[in-house]
Amino acid sequence: MAASQARTLNNGQSCIAAKRFLVATEVHDEFLAAFSAAMSALSVGDQLDPTTELGPLARRDLRDELHDQVSRTLFAGGRLVVGGGRPEGPGAFYPPTILAGVQPGMTAFDEELFGPVAAVTSGGTAAELVKLANRSPYGLGASIWTADTERAERLAQDLDSGMVFVNGIVKSDSRLPFGGVKASGYGRELGAQGIREFVNVRTLWVRRP
Amino acid sequence: MPTITSLNPSNDEVLQEFQSHSEGDWSKIVERTADVQLDWRKTSMEHRTELLRNLAAQLRRNVESYGRLIATEMGKPIAQAIGEVDKCAGCCDYYAEEAPRQLAEDVVDSDASRSAVQYLPLGVVLAIMPWNYPFWQVIRAIVPAITAGNAIVLKHASNVPQSAMALEAAFSEAGFPVGLMSTILVPGLGAGRARRWPGSRARSEKGRARARRFRSIHRAPRCRRGSSGRGCKPGPHPQ
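Residues numbered from 1 in each chain as written. Chains lettered and ligands numbered in written order. Predicted model: local features only at pLDDT ≥ 70, side-chain atom pairs only at ≥ 80, totals over all residues.

### Notes on the overall build of chain B
So, step 1. Secondary structure assignment for chain B yields eight helices and eight strands.
So, step 2. Across the 239 residues of chain B, 53% fall into the buried class. (Helix = DSSP H or I, 4+ residues; strand = E, 2+ residues; numbered from the N terminus. Buried ≥ 20, exposed ≤ 12 C-beta atoms within 10 Å, placed from the backbone.)

Structure, rendered in structure tokens:
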């Protein structure tokens, strides 16, 4: 499933991983059920085992920080749907986790969660969802999932992000510029724009005598 | 000197420990890189793109071993790590093909007999890179930078030193001049000092809170460019 992949690729530790899922009310329950099933089915374990889909986080302190963010979200009223516990034993593992009912003001909405934890927020109209999406200090990537791609392109105009993908998970591609707005940095990588970040744009002016 | 440790996050096993460079060590490395860049900037675009193709081949030849190294050192599933190395080779192919056009001079009409916009190298670029894609983050920044005639000092994240060393070796094995891409092994604070080194003309950064703190301490007056990434909010910069 695209949603679970978008959240858990690279063990959830990607700047462009999907972290906040803003879902229209009429499809929310169906989405949450399918998403929960997909996250629960992921095989977690040794990263060198070719069947593993989710390995450990890169460091234990990062795992502990993530767990703290989950705990703070639950304390503020978020609902734990899947996962959530910090495993005992060696390694920096964290289970695939879904938090529902996440609202602005809660940690999982306002901060970036760098690991396999998804924050799901139910909203009303598409315009309201776009407004919610823009309530973030960050603005790197966004994806819109809909059968109506023309409408998606119109909605994309109102999203504050450096990249918008329609019916695809946000990814980098050498041919296309990559970068964000707001607190997601400045400049662009990749593509023609990316190589020009590393040059002195020289103006040359010559008058022949 | 502090050590920089590579460990397997699945079982906490220490894989390798590296002695970090002293300030004297890395200052010499940065100076050597600056010297190498003075020759590199004179090379032809044809030569640079030929070496890029060698680098792509080098990455593809070693896709399994590099993939295993990445996966072991930072924990991502092995298939994704192999995919990362393959994507790096694709980035080399892309710039080998497109850079000559992207960096070609644009002739612009003005009141001059001839006026143009040229895309010239900046000098030495300090690349401070994160651990989440230990190869890709480095390649997507430094391949275009080197192709544009710059040299690189890489300060990789402290938990992926083996990846940093493997990348440095890959550039040499592909035929790039020794010292054109140099790794410095220093903890975060060392990078903060390196960033202020006057020979460093640009920076490309991705990083987390540790890097962010130093960025806010050192305003990096000579540094021009940053790059986007996780919570990577650059400090104020001139221009």
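### As for the overall build of chain A
So, step 1. For chain A, the count of helices and strands is seven helices and nine strands.
So, step 2. Structurally, chain A occupies a C-alpha span of about 80 × 45 × 30 Å along its principal axes.
So, step 3. Split into buried and exposed, the 209 residues of chain A put 45% on the buried side.
So, step 4. Considering only contacts in chain A between residues 6 or more positions apart, those separated by 24 or more positions represent 53%. (Contact = placed C-beta atoms within 7 Å.)

### Notes on the sheet that holds strand E2 (residues 79–82) of chain A
Residues and elements named next belong to chain A.
So, step 1. Spatially, four strands are ordered E1-E4-E3-E2 in an open sheet, and the strand pairing comes out mixed. A single partner strand is all that each edge strand has here, and the edge strands are strand E1 (20–24) and E2. Averaged over all pairs of adjacent strands, the angle between strand axes in this sheet comes to 30°, irrespective of strand direction.
So, step 2. Contacts between helix H2 (residues 25–40) and the sheet are confined to E1, E2, strand E3 (97–100) and strand E4 (117–123), with E1 contributing the most and set at about 140° to the helix.
So, step 3. Relative to the sheet, helix H3 (residues 60–75) contacts E2, E3 and E4, its axis offset from that of E3 by approximately 25°. (Pairing = 2+ DSSP bridges. Axes fitted to C-alpha atoms, helices over the stretch in contact; angles between N-to-C directions.)

### A few points about the sheet that holds strand E9 (residues 199–206) of chain A
So, step 1. In spatial order, the strands read E9(A)-E4(B)-E3(B); together these three strands make up an open sheet with antiparallel pairing. Every other strand in the sheet has two partners, leaving E9 of chain A together with strand E3 (106–107) of chain B as the edge strands with one partner each.
So, step 2. As paired strands, E9(A) and strand E4 (residues 114–121) of chain B are joined by eight bridges and run antiparallel to one another. The residue of E4(B) that forms the bridge with Asn200(A) is Leu120(B).

### Points about the interface of chain A and chain B
So, step 1. Opposite the 52 residues of chain A that make contact, chain B presents 54 residues.
So, step 2. Those elements giving two or more residues to the side of chain A that touches chain B turn out to be helix H7 (191–195) and E9 of chain A.
So, step 3. Here the side of chain A that touches chain B gets eight residues from one element, more than from any other, and that element is E9(A).
So, step 4. Of the residues assigned to the side of chain A that touches chain B, the class counts are 22 nonpolar, 19 polar and eleven charged. (Nonpolar A, V, L, I, M, F, W, Y, C, P; charged D, E, K, R; others polar.)

### Things to note about the environment of Ala38(A)
Residues and elements named next belong to chain A.
So, step 1. With respect to the secondary-structure elements, alanine 38 resides in helix H2.
So, step 2. A tally of 19 C-beta atoms within 10 Å means that alanine 38 is categorised as partly exposed.
So, step 3. The spacing of alanine 38 and tryptophan 205 is 167 residues in sequence and 61 Å in space, taken between C-alpha atoms.
So, step 4. Setting aside chain neighbours within four positions, we find alanine 38 in contact with Met1, Ala3 and Ser4.

### With respect to unusual backbone geometry
So, step 1. Residues other than glycine seldom take positive phi values, yet Leu190(A) does so here, at roughly 65°.
So, step 2. Among the structural elements, Leu190(A) can be located in the loop between strand E8 (181–182) and H7.
So, step 3. Even without glycine at this site, Asp12(B) takes up a positive phi of about 65°.
So, step 4. Inspection of the secondary structure assignment puts Asp12(B) in the loop between strand E1 (3–8) and strand E2 (13–19).
So, step 5. Owing to 13 C-beta atoms within 10 Å, Asp12(B) belongs among the partly exposed residues under this scheme.

### Points about the nonpolar core
Here is a general trend for soluble globular proteins: nonpolar side chains tend to be buried in one another's company.
So, step 1. By size, the foremost hydrophobic cluster in this structure holds 109 residues, and its most contacted members are Leu99(A), Val120(A), Cys92(B), Ala127(B), Ile142(B) and Ile152(B).
So, step 2. Among the elements that take part in this core, helix H4 (residues 78–102) of chain B stands out by supplying eleven residues, more than any other. (Core = buried A, V, L, I, M, F, W, Y, C linked by C-beta atoms within 7 Å.)

### A few points about the confidence of the model for chain B
All names here are of chain B.
So, step 1. Averaged over every residue, the pLDDT of chain B is 85; residues scoring 70 or more account for 79%.
So, step 2. Per-residue pLDDT stays below 50 along residues 207–239; that stretch engages in 87 contacts with residues further than four places along the chain or on separate chains.
So, step 3. Reported for the predicted complex are a pTM of 0.90 and an ipTM of 0.96. (pLDDT = per-residue confidence, 0-100.)

### Some words on the packing of H4(B) against helix H5 (residues 136–147) of chain B
Residues and elements named next belong to chain B.
So, step 1. Where H4 contacts H5, the axes come no closer than 10 Å and their chain directions differ by 15°. The orientation of H4 with respect to H5, classified from their angle, is roughly parallel. Crossing hand, H4 versus H5: right-handed. On H5, the residues touching Glu84, Lys87, Cys88, Cys91, Cys92, Tyr95 and Ala99 of H4 are Trp136, Ile139, Arg140, Val143, Pro144 and Thr147. (Parallel < 35°, antiparallel > 145°, perpendicular 65-115°, else oblique. Left-handed = near helix turned anticlockwise from the far one by under 90°.)

### A look at the environment of Gln118(B)
So, step 1. Here Gln118(B) is to be found in strand E4.
So, step 2. We classify Gln118(B) as partly exposed; it has 14 C-beta atoms within 10 Å.
So, step 3. Contact partners of Gln118(B), with chain neighbours within four places excluded, come to Arg202(A), Leu204(A) and Glu105(B).

### Here we look at the packing of helix H3 (residues 63–74) of chain B against H4(B)
Residues and elements named next belong to chain B.
So, step 1. Running from amino to carboxyl end, H3 crosses H4 at an angle of 125°, the nearest separation of the two axes being 8 Å. What the angle tells us is that H3 and H4 run oblique. Taken as a pair, H3 and H4 cross one another with a handedness that is right-handed. Taken together, the residues of H4 that come into contact with H3 (itself represented by Val63, Glu64, Tyr66, Gly67, Arg68, Ile70 and Ala71) are Ile78, Ala81, Ile82, Glu84, Val85 and Asp86.
So, step 2. Partitioned by chemical class, the residues of the contact of H3 with H4 number eight nonpolar, one polar and four charged.

### So, the environment of Gly77(A)
Residues and elements named next belong to chain A.
So, step 1. Here glycine 77 shows up in the loop between H3 and E2.
So, step 2. Classification of glycine 77 by C-beta neighbours within 10 Å gives exposed; the count is 11.
So, step 3. On a C-alpha basis, the gap between glycine 77 and glutamine 103 in space is 8.7 Å, while along the polypeptide they are 26 residues apart.

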